[in-house]
Amino acid sequence: MEIRKSTLLDLPRMLELYAHARAFMTAHGNPRQWASRNWPPESLLRADIAAGESYVCTRGAWIGAVFLFRQGRDIDPTYRVIHQGAWGWDAPYGVVHRLASDGSIPGAGSYCLRWALEQSGYLRVDTHGDNTVMQGLLNKLDFVYRGIIYVAEDNDPRLAYDRRLDGRGEET
């Protein structure tokens, strides 16, 4: 598997992956996170590509997963306030959003998150409370649940997780 920045030529496949993800989420008890709003919109994906923050996971020429990745200090406004908890560290971090796969490359979701963690050294991720598949993946990869955040797109709480490259738990 390889990770590379996506291009506008990848957009049709990216749209297929997100359509598959919306159907998968609905079938697995999570219809509100993306399906109810047809999320993410094509205009946002185009903006992600233009900003150089959109990535795809490939095996050969085949694209099996897509996600947004960015890193820095205070890069995600939705992470400024966390309820019923606290982030593990006050440090620059990476963030992954809109991770989607169609299952055609087994392990692609894990691979994408591990890649992002290696790039940043400290990764923050959130997911909808109904997204038990993503919660399971984050737990499997030793991410730590930190509290609740809210996104601008809806009023549903998101479960916030983080992890440092040197392991889980408290700052060392």
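Just above sits the structure.
Chemist: When you look at the nonpolar core in this model, what are you seeing that I'm missing?
Modeler: Looking at soluble globular proteins, one finds that nonpolar side chains tend to be buried together. Grouped together as the largest cluster of nonpolar side chains are 24 residues, with contacts concentrated most on F67, F69, V96, L113 and L123. If you list the elements that add at least two residues to this core, you get strand 2 (54-59), strand 3 (62-72), strand 4 (93-101), helix 3 (108-120), strand 5 (122-128), helix 4 (132-140) and strand 7 (157-164). Considering every element that reaches this core, the biggest residue donor is helix 3, with six residues. Residues in contact with F67, not counting those within four places in the same chain, are I3, Y18, E53, S54, Y55, V96, H97, R98, L99, C112 and W115. Residues M14, L45, I63 and A100 belong to the second largest nonpolar core, which totals 14 residues.

Chemist: Which parts of the structure should I look at to understand the sheet that holds strand 5?
Modeler: Strands belonging to one sheet form pairs held by backbone hydrogen bonds; the direction of such a pair is parallel or antiparallel. As summarised here, the arrangement of the seven strands in space is 1-2-3-4-5-7-6, forming an open sheet in which the pairing is mixed. Of all strands in the sheet, those bounded by a partner on one side alone are strand 1 (2-5) and strand 6 (144-150). Strand after strand, the sheet turns through a mean of 35° between neighbouring axes, direction not considered. With seven bridges joining them, strand 3 and strand 4 adopt antiparallel strand pairing. Counted as the bridge partner of F69 is V96 from strand 4. The strands that helix 3 touches are strand 1, strand 2, strand 3, strand 4, strand 5 and strand 7; relative to strand 3, the one it contacts most, it runs at about 25°.

Here is what the cut-offs are and how they apply
Residues numbered from 1 in each chain as written. Predicted model: local features only at pLDDT ≥ 70, side-chain atom pairs only at ≥ 80, totals over all residues. Heavy atoms only, no water. Core = buried A, V, L, I, M, F, W, Y, C linked by side-chain atoms within 4.5 Å. Buried < 20%, exposed > 50% of the residue type's maximum accessible area, 1.4 Å probe, protein only. Helix = DSSP H or I, 4+ residues; strand = E, 2+ residues; numbered from the N terminus. Contact = heavy atoms within 4.5 Å. Pairing = 2+ DSSP bridges. Axes fitted to C-alpha atoms, helices over the stretch in contact; angles between N-to-C directions.

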